[in-house]
Amino acid sequence: MKMRVWNFLVFAVLSITVSACMNGADTMKGEENAQLTSPPNVPPPIKRSHSTKVKVQLEVVEKTTPISDGVDYTFWTFGGSVPGSFIRVREGDLVEFNLSNHPNNKMPHNIDLHAVTGPGGGAASSMTAPGHTSTFSFKVINPGLYVYHCATAPVGMHIANGMYGLILVEPKGGLPKVDREYYVMQGDFYTKGPYGQRGHQPFEMEKALKEQPDYVVFNGSVGALTGDKALTAKVGESVRLYVGNGGPNLISSFHVIGEIFDKVFIEGGDQINRNVQTTLIPAGGSAIVDFKVEVPGTLVIVDHSIFRTFNKGSLGLIKIEGAEDKAVYSGKISDSVYLPEGGAVQSVGEAVKVPMARTKQEQMTFGKQKYEAVCAACHQLNGEGIPNAFPPLAKSDYLNADKKRAIGTVLRGLQGVVTVNGKQFNSVMPKLDLSDEEIANVLTYVYGSWSNAGHQVSAQEVKALRAEKAPEKPQEH
Ligand code: CU
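Residues numbered from 1 in each chain as written. Predicted model: local features only at pLDDT ≥ 70, side-chain atom pairs only at ≥ 80, totals over all residues. Heavy atoms only, no water.

Draft legend 1. Quick look at the pairing of strand S19 (residues 285-292). With 7 of 8 residues buried, S19 lies mostly within the body of the structure. Inspection of the sheet shows strand S14 (residues 238-247) paired to S19 by 8 bridges, in the antiparallel sense. What sits directly across from leucine 241, in S19, is valine 289. Where strand S16 (residues 261-265) lies against S19, 3 bridges are found, and the strand directions are antiparallel. Looking across to S19, one finds that lysine 263 is bridged to aspartate 290. (Buried < 20%, exposed > 50% of the residue type's maximum accessible area, 1.4 Å probe, protein only. Helix = DSSP H or I, 4+ residues; strand = E, 2+ residues; numbered from the N terminus. Pairing = 2+ DSSP bridges.)

Shown next, in the form of structure tokens:
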């Protein structure tokens, strides 16, 4: 009997201790200042295993900076960057939020955090005039990756000017560890002038209403994640992107060319999808994507609504350094000529049996075949090109003025601004792997068609130019 009481006592004490410990994990302890970071950086993972009071100090700054080379835009920002500062807290924390509106600003602003349980996500409590600070607090109840944004009227305009960012609420147990974490957020921008028009470009309400942006970019500007600002990782590392979409209008078809997402925390919640190619990120939504990088090279971050990428700016890069793994990715093993008529496949470099044109008429015939297979996709079958994208070859002053330059263009490709028939084009013509003979035929066909100058181009001329050193700089046209 005595033994039984003893057993019961031990059990009771243990139970109380265990439950106290479990509750203890939820007990608020101490306070700290949130460490905020500018994109593409993310504050370090939270190590503590208890809730705390987290003080966030965020300043709204209105500033004019480039949205693209030579194009300025007046952004309204949370913390001086687009997207705004990254905030990282833990499920169960109490956040004391202090929103300051810089005295030089012209507009009142506030903040609606999707991580807030409460009216307006904090919007009404944080409405702040220039030169003031508002304070409110909230308990972070739900873990996840949440968008925050300004909700001051006209809301669309405040968001369109760059007023959004991400707040990560880590679950109590933390997120799975990775080697690198980055912060990437898409946004669409509406400017008075079209994409690339130089100078200061004001916000254009009409285009915003029609949801026809001039710019769709990651991290606030064209090129924010390219060149020496490209993200980096090493072969063998795991990479996590905290991806948001500020909108205001577009949904992102988020994709990384050259990778597969091992895991996607769908819409920033705790549902995990695996082996994903493209994940949808709604306006005012997010996703966490994890992938391991296996081979060196450059990965390309895009919105797979692909005209946005190549014509409106939604392109970022991740440079992966490390040793090749030919078993995972071989690189190009061979380049063969494919001749369906003859059924023969031969390697370039060996004698390739392409039928030789003996007359100008034959050159025209062979050139037309090549043109339709290679060139027509961009320049169109009728040679008229596509306005604002691909220059016309029909009645082309650019082409007719300089045969040698035309040969050089087909030989080496062309990048940068060219003026054709009075219109500017700024696209990329890739270097095509065509033989001297093929280039001669295609150009003879183009020159002999659509009221062009009728020049004949010989394989010898192409060969001679190929032997010359490529111009150091792109020529001014
Ligand atoms: Cu605002």
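Next comes the rest of the write-up.
Draft legend 2. Seen up close, the coordination of the copper ion. Around the copper ion, the protein contributes the donor atoms His109 (ND1), Cys150 (SG), His158 (ND1) and Met163 (SD), at 2.0 to 2.6 Å from the metal centre. Given 4 donor atoms and angles of 87 to 139° at the metal, the environment of the copper ion is assigned as irregular. In the primary structure, the donors to the copper ion are separated according to the pattern H-x40-C-x7-H-x4-M. Each member of the pair, cysteine 150 together with histidine 158, is buried. (Donors = N, O, S within 2.8 Å, 3.2 Å for Na, K, Ca; no water. Tetrahedral: all angles 85-135°; square planar, octahedral: opposite > 155°, others 65-115°.)

Draft legend 3. Examining the sheet that holds S16 more closely. Sheet architecture is open: 6 strands sit in the order S12-S10-S14-S19-S16-S17, paired in mixed fashion. At either end of the open sheet lies a strand with only one pairing partner, and these are strand S12 (215-218) and strand S17 (272-276). Pairwise comparison of adjacent strand axes, ignoring direction, gives a mean angle of 20° for this sheet. (Axes fitted to C-alpha atoms, helices over the stretch in contact; angles between N-to-C directions.)

Draft legend 4. Layout of the packing of aromatic side chains. Overall, the coordinates contain 15 aromatic pairs when judged by the stated rule. Relative to phenylalanine 254, the ring of phenylalanine 218 has its centre 6.0 Å away and its plane inclined at 85°; by these criteria the two rings are edge-to-face. Of the two residues, phenylalanine 218 is situated in strand S12 and phenylalanine 254 in strand S15 (residues 252-257); the sequence distance between them amounts to 36 residues. Given the relative accessible area of 2%, phenylalanine 218 is considered buried. Here phenylalanine 254 falls in the buried class, since its relative accessible area comes to 0%. A connected cluster of aromatic rings, assembled from ring pairs, spans Phe218, Phe254, Phe261 and Phe291. The ring of tyrosine 398 has arginine 405 lying over it, and the distance from NZ or CZ to the ring centre is 3.7 Å. (Phe/Tyr/Trp six-rings, centres within 6.5 Å; stacked < 30°, edge-to-face > 60°. Lys NZ or Arg CZ within 6 Å of the ring centre and 35° of its normal.)

Draft legend 5. Summary view of the sheet that holds strand S8 (residues 144-149). A sheet is described by the order of its strands in space; here 4 strands give the open sequence S4-S9-S8-S6, paired in mixed fashion. Edge strands, defined here as strands with exactly one partner in the open sheet, are strand S4 (87-90) and strand S6 (112-113).

Draft legend 6. Examining the pairing of S14 more closely. When you tally the buried positions in S14, you get 10 out of 10 residues, the bulk of the element. Pairing of strand S10 (residues 180-189) with S14, which is carried by 8 bridges, proceeds in the parallel orientation. The residue bridging methionine 185 from the neighbouring strand is glycine 244, located in S14.

Draft legend 7. Structural view of helix H7 (residues 403-412). Regarding H7, the residues found buried are Ala406, Ile407, Gly408, Thr409, Val410 and Leu411. Elements in contact with the buried residues of H7: helix H6 (397-401), strand S24 (414-420), strand S25 (423-429), helix H8 (436-447) and helix H9 (459-467). Capping of H7 at its N-terminal end is provided by aspartate 402; its side-chain oxygen lies 3.2 Å from the backbone amide nitrogen of lysine 404. Immediately beyond the C-terminal end of H7, within one or two residues, lies glycine 413, with a positive phi of roughly 80°. (Contact = heavy atoms within 4.5 Å. Polar contact = N/O pair within 3.5 Å; in protein donor to acceptor, adjacent residues only side chain to side chain.)

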